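Okay, here's what each chain looks like letter by letter:
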Amino acid sequence: DAGVIQSPRHEVTEMGQEVTLRCKPISGHDYLFWYRQTMMRGLELLIYFNNNVPIDDSGMPEDRFSAKMPNASFSTLKIQPSEPRDSAVYFCASSLMGTDTQYFGPGTRLTVL
Amino acid sequence: GQQLNQSPQSMFIQEGEDVSMNCTSSSIFNTWLWYKQDPGEGPVLLIALYKAGELTSNGRLTAQFGITRKDSFLNISASIPSDVGIYFCAGQLIPGGTSYGKLTFGQGTILTVHP
């Protein structure tokens, strides 16, 4: 069974460009989470969805960040415009209601020059 | 907000040694999880704990859910080179409200094992 799928695995872009990260959760999971990992701040929860509805976006750093989940099998995290301080590894994770455990994707390493 | 203090931040050990790391919280959690992250990969779940006082093993790994519900530890026995990586604790609050499903992660323990 496929795990959480993220694309692209690596993204290099220039400051001011729009960046879109994609995630396909594990089939049947009803929670989806977006995290950002940096050396300085560790793993930070940005936003999470339940049944495609955003539940808590208090971790989204600013209005430049937005996330959508148009259906149960797809989510995007968009940064517009991107800045060098957005450089990090972005993880998507999914879980099933009642099981508590989250399964992480391989991450997208974003570098903003 | 809730914070998890994970220690130590890093460990350098010889192959065959035992390892112990722990997490403490200012909040009560109903679930404690331990993850391992290999370089270039996402965290992978190692052990999940659901009851205060629970002691759970997974091969050479043993983890315990503290009876106060505010702490947990992870032990690795007879370490091997493939144990290298970053270990994270994570806790989930009491169900209910908008925090259900949301995990709080510790800062991680970087483990290096010398052959």
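Residues numbered from 1 in each chain as written. Chains lettered and ligands numbered in written order. Predicted model: local features only at pLDDT ≥ 70, side-chain atom pairs only at ≥ 80, totals over all residues. Heavy atoms only, no water.

**Student:** Explain the layout of surface pockets to me, please; I cannot follow it from the model alone.
**Tutor:** Where empty space is left becomes clear once a probe the size of a water molecule has been rolled over the atoms. Residue and element names in this part refer to chain A. Put simply, the largest pocket is a space of about 1200 Å³. If you trace the largest pocket, you find 48 residues lining it, with Thr-38, Arg-41, Gly-42, Leu-43 and Glu-44 closest to the centre. Here the lining of the largest pocket gets six residues from one element, more than from any other, and that element is strand 5 (residues 42-50). Looking at the lining of the largest pocket residue by residue, the classes come out as 19 nonpolar, 20 polar and nine charged. (1 Å grid on protein atoms, 1.4 Å probe; cavity = no way out; pocket = protein on both sides within 12 Å on 5 of 7 lines; lining within 4 Å. Points joined across faces, edges and corners; volume = space filled by probe spheres on them. Helix = DSSP H or I, 4+ residues; strand = E, 2+ residues; numbered from the N terminus. Nonpolar A, V, L, I, M, F, W, Y, C, P; charged D, E, K, R; others polar.)

**Student:** How do you make sense of the state of the cysteines when you look at a structure like this?
**Tutor:** Note on terminology: a disulfide is the covalent bond linking the sulfur atoms of two cysteines. All names here are of chain A. Evaluated as defined, the whole model comprises two disulfides over all chains. Here Cys-23 is linked by a disulfide to Cys-92, with a sulfur-sulfur distance of 1.9 Å. An S-S torsion of about -65° defines the bridge between Cys-23 and Cys-92 as left-handed. Highlighted residues: Cys-23 in strand 3 (residues 19-24) and Cys-92 in strand 9 (residues 88-95), separated in sequence by 69 residues. Summarising the burial analysis for this pair, Cys-23 and Cys-92 share the class buried. (Disulfide = S-S within 2.5 Å. Buried < 20%, exposed > 50% of the residue type's maximum accessible area, 1.4 Å probe, protein only.)

**Student:** Which parts of the structure should I look at to understand the interface of chain A and chain B?
**Tutor:** By a frequent convention, interface size equals the accessible area lost on bringing the separate parts together. Listed per partner, the contact involves 21 residues of chain A and 20 residues of chain B. The junction of chain A with chain B conceals about 1600 Å² of combined surface from both sides, 53% of it contributed by carbon and sulfur atoms. Looking at the side of chain A that touches chain B, the element that brings in the most residues is strand 4 (residues 31-38) of chain A, giving four residues. Within the side of chain A that touches chain B, the residues separate by chemical class into 11 nonpolar, seven polar and three charged. (Contact = heavy atoms within 4.5 Å. Buried area = accessible area lost by both parts, 1.4 Å probe.)

**Student:** How should the environment of Glu41(B) be read in this particular structure?
**Tutor:** Structurally, Glu41(B) can be placed in the loop between strand 4 (29-37) and strand 5 (44-49). Using a relative accessible area of 39% as the deciding quantity, one classes Glu41(B) as partly exposed. As a C-alpha pair, Glu41(B) and Ile86(B) span 45 residues in sequence and 11 Å in three-dimensional space. Once residues lying within four places of it in the same chain are set aside, the contact partners of Glu41(B) are Arg9(A), Phe91(A) and Pro106(A).

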